[in-house]
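Residues per chain are reported as follows:
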Amino acid sequence: MSDLDLLTQSLARNVKRWRAERGFTLETLAARAGVSRGMLIQIEQARTNPSIGTVVKIGDALGVSITTLLDYEQGPEVRIVPADQAVRLWHTDAGSYNRLLAGAEAPGPLEMWDWRLMPGEGSSSDPHPAGTVELIHVTAGELTLTVDGARHRVPTGASVSFEAGVPHAYGNDGGEPLDMVMAVSVPPVR
């Protein structure tokens, strides 16, 4: 089975599991996540490979991390993720990418990401649930972070934190690759 098939099967199984655990119908989850009922059916039947944005919306609606939705093993309390098993969820032909390094439920979803943005590239994000916080540390290049329409420059070696319940975007307006590590903490579903 390919990595993509394994992820598709894991996502199907885990969305079903967490939807049932939360007592959500397909209609309820679709409304909470802002995705169609048909898309959820395809995901739960492992018939589609949804976009990262769709997976984020479903995770946020369920109150679980992307790591939890894609986990294909019930791991021990200490879980080491080898470098070659970090999940790349987004990439461009120019070489930009993000990788989900690790995640936990503590008490809501907590994720750690490795990002690379090539010169001139960027990625935008819909608002996360109220109370979501992102922490970013730039290890190379300069990040242009736009939060609710306001642009902020974050140089190499600097860190930034912000409430991510508003539209936000990450951009590389410079001439060299941008590397950053990001942690995302989402409050638990109430």
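What you see is a predicted model; the values in this text were computed from it and never measured.

Draft legend 1. Expanded view of the packing of aromatic side chains. Counted by the stated rule, this structure contains 2 aromatic pairs. Ring centres of Trp-115 and Tyr-170 lie 5.0 Å apart, and the angle between their planes is 50°; this geometry places the pair in the tilted category. Placement of the pair is Trp-115 in strand E3 (residues 109-117) and Tyr-170 in strand E9 (residues 168-171), with a sequence separation of 55 residues. Residue Trp-115 shares its accessibility class with Tyr-170, and that shared class is buried. Taken together, the ring pairs connect Trp-90, Trp-115 and Tyr-170 into an aromatic cluster.

Draft legend 2. Inspection of the pattern of salt bridges at higher detail. Taken as a whole and judged by the stated rule, the model has 9 salt bridges. Here Asp-179 ties to Arg-116 by a salt bridge, and the two come within 2.8 Å at their closest N and O atoms. One end of the pair, Asp-179, is in strand E10 (residues 178-185); the other, Arg-116, is in strand E3, with 63 residues separating them in the sequence. Taking the relative accessible area as the measure of exposure, Arg-116 reaches 26% and is therefore partly exposed. Counted as one network, the salt bridges with shared partners bring together Glu-142, Arg-151, Arg-153 and Asp-173.

What counts and how
- Residues numbered from 1 in each chain as written.
- Predicted model: local features only at pLDDT ≥ 70, side-chain atom pairs only at ≥ 80, totals over all residues.
- Heavy atoms only, no water.
- Phe/Tyr/Trp six-rings, centres within 6.5 Å; stacked < 30°, edge-to-face > 60°.
- Helix = DSSP H or I, 4+ residues; strand = E, 2+ residues; numbered from the N terminus.
- Buried < 20%, exposed > 50% of the residue type's maximum accessible area, 1.4 Å probe, protein only.
- Salt bridge = Lys/Arg side-chain N within 4 Å of Asp/Glu carboxyl O.

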